[in-house]
Amino acid sequence: MSFDIVIEGGTIVTMDSDFRILEEQCLGILDGKIAAIFPKGSSSYEAKQRINAKNCLIIPGLINAHSHLAMTYFRGLADDLPLHKWLQEYIWPLEAKLIKPDFVYDASLHGAAEMIKNGISTTNDMYFHMSSIADACIKAGLRVVISEALLDMQLSEEERKCCIGNRIKKLRIDYKAEPLVDFSLAPHSIYTCGTETLKTCAKVARENDILVHMHLSETQDEVLNCQKAHGIRPVEYIKELGLLEVRSVLAHGIWVEENEMDLLAESGKASIAICTESHLKLISGFAPLKKYLEKGINVCLGTDGVASNNNLDLLEEVSITAKLHKALNNDPTLLPAKDAFAMVTINAAKALGREAELGSLEIDKLADIGVIALSELENQPIYNPYSHLVYAINSHSVRDLIIDGKTVMLNRNLCTVDEDQLIMLAADYKDMILKEIGQ
């Protein structure tokens, strides 16, 4: 056998339907896909690159279900504020001044590199200047679904009536040769997009098989305002508009009642992306995770943007989510470690409609693979890989990352971008931003 890359002698956490863990195995990669899984020493083979994974876990690349890559340069700029004050008085005015293609490219490249350092191989992103994000992710080697953020205040009446979705259809053609990039629709929220915009998004998504990615039920005020304006709650409202008839990732989903969950479950096409650390920091509330699981609703996790998190450590997100919801429900058996880890692997792949390609380590799936080093003092001894991944390991133990069959990080060193240059550029942008806000 001949492979492009062989990862040798590690413990494979497959995340397949049986949650198999395969010890002392080799994983062969050819033409961007997983071509073989076989026991160490059982076969002779040639490989252009060999990665020694002895005393390592081999995991599916992590999938971030909700992010805002280009907000990376806003990290720590406006903390300790309620959501709407944070948005309306700080983030939106700053974005109005700064958001241009070059800014979005540079900030997205920084964010993409940071995600790779955190073991993230795919992100579901929402922002503006989609081609800048696409180019940055291609440069870094990060797989991305880029959502066109739509806000009525930025759209003319003509654009709302006839142009929604046109950019995405064009970009899909422009980037069809780029396997790392896809595009989706992102009506930002029910409080920034009117009824006609939301209806149009549902229609365009249905007719063109496009994912819808939006914020929903993040705060109590959002729910109360929806009830005042429409006489129904947010999930009921988007159902009336047809948004539960298309595949969707609904970010946050905190203030959702049981009858709304029934609608989500009946849909079978809607997934909830919980962003626990952002929810805690903005005191938005606690998502009803236990009820979601009981209803059979697909739940995944996102980091949100670093302006509200303030990091892209998805393993930390899993750990905090699992422990928090055990405490909230007074139930230590809630969300076992393997089920928690599924929320950043196979569940997130299902949310994106990519479970046939991503989210687990199986023959013929895309080669998005992380290698976790266990040699550190804090990672020993190891009895249960799932326990370690959720309760012990953080992103600093992610040693290597392969995306689409290409090595993008090896021994904690980025292979596609210069980390020192990214740090220096971030410092330059910091000076520019401080001048913009008069500091």
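Computed from a predicted structure; not experimentally measured. (Residues numbered from 1 in each chain as written. Predicted model: local features only at pLDDT ≥ 70, side-chain atom pairs only at ≥ 80, totals over all residues. Heavy atoms only, no water.)

Colleague: I'd love a proper account of helix α6 (residues 195–208), names of residues and values included.
Modeller: A turn of α-helix holds 3.6 residues, and therefore any two residues three or four places apart point the same way. An ideal rise of 1.5 Å per residue puts 20 Å on 14 residues; α6 measures up with 20 Å between its terminal C-alpha atoms. Listing the buried residues of α6 in full gives Thr197, Leu198, Thr200, Cys201, Ala202, Val204 and Ala205. Contacts from the buried residues of α6 go to β8 (143–150), α4 (157–162), β9 (181–187), β10 (212–216) and α8 (234–240). Of the residues one or two after α6, aspartate 209 is the one with positive phi, at around 55°. (Helix = DSSP H or I, 4+ residues; strand = E, 2+ residues; numbered from the N terminus. Expected span 1.5 Å × (residues − 1). Buried < 20%, exposed > 50% of the residue type's maximum accessible area, 1.4 Å probe, protein only. Contact = heavy atoms within 4.5 Å.)

Colleague: Break down the pairing of strand β11 (residues 248–252) for me, with residues and values.
Modeller: With respect to burial, β11 is a largely interior element, five of its five residues being buried. Sheet topology note: the β10/β11 ladder contains five bridges and is parallel. By the bridge assignment for β11, methionine 214 is matched with leucine 250. Where β11 meets strand β12 (residues 270–274), four bridges bridge the pair, whose relative direction is parallel. Among the inter-strand pairings, leucine 250 is bridged to a residue of β12, identified as isoleucine 272. For the handedness criterion, the β-α-β arrangement of β11, helix α9 (residues 258–267) and β12 is classed as right-handed. (Pairing = 2+ DSSP bridges. Right-handed = clockwise from strand over helix to strand, strands pointing away.)

Colleague: Tell me about empty space enclosed by the protein, and please be specific about residues and values.
Modeller: This structure, assessed with the given rule, holds three cavities of 30 Å³ or more. The calculated volume of the largest cavity comes to roughly 220 Å³. Lining the largest cavity are 22 residues; nearest its centre among them are His68, Met71, Leu87, His188 and His215. Secondary structure elements with two or more residues in the lining of the largest cavity: α1 (83–98) and β7 (120–127). Tallying contributions element by element places α1 first for the lining of the largest cavity, with six residues. Partitioned by chemical class, the residues of the lining of the largest cavity number 13 nonpolar, six polar and three charged. Looking at the second largest cavity, its volume works out to about 40 Å³. The wall of the second largest cavity is formed by Ile274, Thr276, His279, Leu280, Gly285, Phe286, Ala287, Leu324 and His325. Looking at the lining of the second largest cavity, the elements that each hand over two or more residues are α10 (276–281) and α12 (314–328). (1 Å grid on protein atoms, 1.4 Å probe; cavity = no way out; pocket = protein on both sides within 12 Å on 5 of 7 lines; lining within 4 Å. Points joined across faces, edges and corners; volume = space filled by probe spheres on them. Nonpolar A, V, L, I, M, F, W, Y, C, P; charged D, E, K, R; others polar.)

Colleague: Break down unusual backbone geometry for me, citing the residues and quoting the values.
Modeller: Cis geometry marks the peptide bond from asparagine 309 to asparagine 310; its omega dihedral reads 25°. You can see asparagine 310 is positioned in the loop between β13 (298–301) and α12. A cis geometry characterises the amide bond from glutamine 380 onward to proline 381, with omega recorded as -5°. Of note, proline 381 is situated in the loop between β14 (369–373) and α15 (385–392). Positioned with a positive phi, methionine 15 is a non-glycine residue whose angle comes to about 60°. Position of methionine 15 among the secondary structure elements: in the loop between β1 (2–13) and β2 (21–30).

Honestly, that's just the spatial picture; any functional story needs more than this.
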